[in-house]
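Take a look at the letters that make up each chain.
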Amino acid sequence: MKRVLITHSYYLRLDAKQWKLQQPYAPLGTIYAAAVLRDGGYDVALHDVTFERNVARFRAVLIKERPSTVVVYDDGFNYLTKMCLTNMRDAAFHMIGEARALGCTVIVHSSDATDHFAAYLEAGAHYVILGEGEQTLLELTNALQQESTDPSSIAGLAYRRDGGVLKTAPRAVLRDLDQLPLPAWDLLDLQPYRAAWMRSSGYFSINIATTRGCPYKCNWCAKPIYGNRYNVRSPRKVVDELLLLRRLVSVDHIWFCDDIFGLKPGWVAAYADLANAKGMNIPFKIQSRADLLLQPAYVHDLARAGCATVWMGAESGSQAILDAMDKGISTDQIAAATSLLRAEGIEPCFFIQFGYLGEKMQDINATIAMINRLQPAEIGISVSYPLPDTLFYEKVRAQLTAKSNWTDSDDLALMFRDERMARFYRRLHRYVHRQYRQQKHRRELAAHLGTPALWSVPNLRKLLSVAKLVPTLWLERKQLNLLQRGI
């Protein structure tokens, strides 16, 4: 069997915000693909670039490993790779060029490559895998091994042929996820991940996927890999993966990185039973929806399974904006879900999105008021980001002239607005984060009033932070008032 080198293009150092955060997650999609190739009988070498300084060392890795095939296979479970950041695209193009120059057959798979396959072929890739990748990758690698097999019969591919680009039939998503082997965690050096998490957070979190796809139709959400189908691994397979990880490394926390966790009726209860029976009741965080979280028995089962944190796609405190997004939830449901989670000891956290089409200052104020009223444990704020094959993208496509992708995750360019509007939203992002932090510190300090703990070092730091933020927030609000005339 010929040697295959599999890698990915997410260099953490090329995303300054994430490098500073030091909470890296493993390239889960890449190690799934590695496991499938290995089970197919191939000699697989994994090169993890997460902690590499830059792309300069990749050529030396190729010379050392001497693969016949190089697979640049990016993670389809991580929002950072779903965003199609241009720093990572440039890294992928460099890796493709180096591999091609050394005579390797180059295969690429990512959300960005699925959306922009012609650009990746132009950069030198021989094949781009479109959509869900594992089955296509194995069939293509088998065809390359046999040399005589025509790849046009393989679903889910784009490649050059007869002076043009041939796209084969679409690949149907895998319905039975238990067919897949467990990810090849043993090929990955997990110690740098653990060390980064321990430095930044004092615990080690690792990412696991229990599902693929999302059946909801928020009109700004792109699904180039798994689409609108929702397929689920069995609780037994998930617990088997936890047991494997326990043999490899000490894990303190899990991020179940599904778009929507536990949507299948009865799944969470079955997982809770099995995880507790196996002694794998590890604290975890998930992503979910307000309407799904209105089921008390479901929320109770989450708590019983070990759920510590739920990130809810709240997006906006304005019902008009939620409706414009086709979000399918109400502000009342966000409030009710927040209350149910707190009653079970689970921290509710909000994803917030500013800048959607039609947003007015009254909508922005409604979102800020919702945050202040519901007091989520944490917030994550972004500005609306148009991705290909979404209704939102089609609405603003004509405005995406100078730029259509962010450079890194801290870019926050509002690419479909004029620069004055973009400045407003960048300042709004900063203002809401700072106001939230000030209010959170005030609540925490109020809980210690009249006790010696108020004068502890952490609380003194919070007091200093609150004091410093008073003039800062005043200035930020003044600048926002000057800019908001464009809203």
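So, here's what we can say about the structure. Quick caveat, the model's predicted, so the values are computed rather than measured.

**Quick look at the layout of surface pockets**
And then number 1: The volume enclosed by the second largest pocket comes to roughly 490 Å³.
And then number 2: Along the wall of the second largest pocket there are 28 residues; nearest its centre are Thr114, Lys223, Pro224, Ile225 and Asp389.

**What to know about the nonpolar core**
And then number 1: Ranked by size, the top nonpolar core spans 132 residues in total, and within it Trp185, Tyr271 and Ile334 carry the most contacts.
And then number 2: A per-element tally of this core places helix H2 (residues 28–39) first, with eight residues.
And then number 3: Discounting residues that sit within four places of it in the chain, Ile334 has contacts with Ala290, Met312, Ala314, Ser316, Leu322, Ile329, Phe350, Met370 and Leu374.
And then number 4: With 26 residues, the next largest nonpolar core counts Val55, Ala92, Val106 and Ala113 among its residues.

**Re the packing of helix H10 (residues 235–248) against helix H11 (residues 267–277)**
And then number 1: Two elements in contact, H10 and H11, have axes whose closest approach is 9 Å; the angle formed by their N-to-C orientations is 40°. With respect to H11, the element H10 is oriented oblique. Here H10 and H11 pass one another in a crossing that is right-handed. Two secondary-structure elements touch here, H10 through Pro235, Arg236, Val238, Val239 and Leu242 and H11 through Trp267, Ala270, Tyr271, Leu274 and Ala275.
And then number 2: Its residues assigned to classes, the contact of H10 with H11 comprises nine nonpolar, no polar and one charged.

**Quick notes on the pairing of strand S8 (residues 205–208)**
And then number 1: Residues Ser205 and Asn207 point to one face of S8 and Ile206 and Ile208 to the other, with burial holding for every one of them.
And then number 2: Direction of pairing for S8 relative to strand S11 (residues 253–256): parallel, over a ladder of four bridges. Residue pairing across strands places Asn207 opposite Trp255, the latter belonging to S11.

**Observations regarding the side chain of Ser110**
And then number 1: With respect to the helices, strands and loops of the structure, Ser110 is situated in the loop between strand S4 (105–109) and helix H6 (111–115).
And then number 2: Owing to a relative accessible area of 6%, Ser110 belongs among the buried residues under this scheme.
And then number 3: In this structure, Ser110 is in contact with Asp74, Tyr120 and Ile225, ignoring residues within four places of it in sequence.

**Remarks on helix H14 (residues 331–343)**
And then number 1: For H14, which comprises 13 residues, the first-to-last C-alpha distance of 19 Å matches the rise-based estimate of 18 Å (1.5 Å per residue) to within 8%.
And then number 2: Of the surrounding secondary structure, the elements contacted by the buried residues of H14 are helix H12 (296–305), strand S13 (307–315), helix H13 (319–324), strand S14 (347–354) and helix H15 (361–374).
And then number 3: Remark: Gly345 follows H14 within two positions and exhibits a positive phi of approximately 75°.

**A look at the pattern of salt bridges**
And then number 1: Overall, the coordinates contain 25 salt bridges when judged by the stated rule.
And then number 2: A salt bridge links Glu98 to Arg59; the nearest nitrogen and oxygen atoms lie 3.3 Å apart. With Glu98 in helix H5 (residues 86–101) and Arg59 in helix H3 (residues 58–65), this residue pair connects regions lying 39 residues apart in the sequence.
And then number 3: What makes Glu98 buried here is its relative accessible area of 16%.
And then number 4: Here Asp150 makes a salt bridge to Arg161, at a shortest N to O gap of 3.8 Å. A residue pair is termed long-range when its members are at least 10 positions apart, and Asp150 in the loop between helix H8 (134–146) and strand S6 (157–161) and Arg161 in strand S6 qualify at eleven residues.

**Some words on the sheet that holds S11**
And then number 1: The strand order S8-S11-S12-S13-S14-S15 describes an open sheet built from six strands, whose pairing is parallel. The open sheet has two edge strands, S8 and strand S15 (378–383), and neither has a second partner. Across this sheet, the average inter-strand angle for adjacent strands is 20°, counted without regard to direction.
And then number 2: Contacts from H12 reach strand S12 (284–288) and S13 within the one sheet, and its direction differs from that of S12 by about 155°.

**Concerning empty space enclosed by the protein**
And then number 1: In this structure the tally under the stated criterion is three cavities of 30 Å³ or more.
And then number 2: What the largest cavity holds in volume is close to 100 Å³.
And then number 3: Forming the boundary of the largest cavity are Ser9, Asp74, Leu80, Thr81, Cys84, Leu85, Met88, Arg89, Ser110, Asp112 and Tyr120.
And then number 4: For the lining of the largest cavity, the secondary-structure elements that each account for two or more residues are helix H4 (79–82) and H5.
And then number 5: The computed volume of the second largest cavity comes to approximately 50 Å³.
And then number 6: Looking at side-chain class alone, the lining of the second largest cavity contains three nonpolar, three polar and four charged residues.

Rules behind the numbers
Residues numbered from 1 in each chain as written. Predicted model: local features only at pLDDT ≥ 70, side-chain atom pairs only at ≥ 80, totals over all residues. Heavy atoms only, no water. 1 Å grid on protein atoms, 1.4 Å probe; cavity = no way out; pocket = protein on both sides within 12 Å on 5 of 7 lines; lining within 4 Å. Points joined across faces, edges and corners; volume = space filled by probe spheres on them. Core = buried A, V, L, I, M, F, W, Y, C linked by side-chain atoms within 4.5 Å. Buried < 20%, exposed > 50% of the residue type's maximum accessible area, 1.4 Å probe, protein only. Helix = DSSP H or I, 4+ residues; strand = E, 2+ residues; numbered from the N terminus. Contact = heavy atoms within 4.5 Å. Axes fitted to C-alpha atoms, helices over the stretch in contact; angles between N-to-C directions. Parallel < 35°, antiparallel > 145°, perpendicular 65-115°, else oblique. Left-handed = near helix turned anticlockwise from the far one by under 90°. Nonpolar A, V, L, I, M, F, W, Y, C, P; charged D, E, K, R; others polar. Pairing = 2+ DSSP bridges. Expected span 1.5 Å × (residues − 1). Salt bridge = Lys/Arg side-chain N within 4 Å of Asp/Glu carboxyl O.

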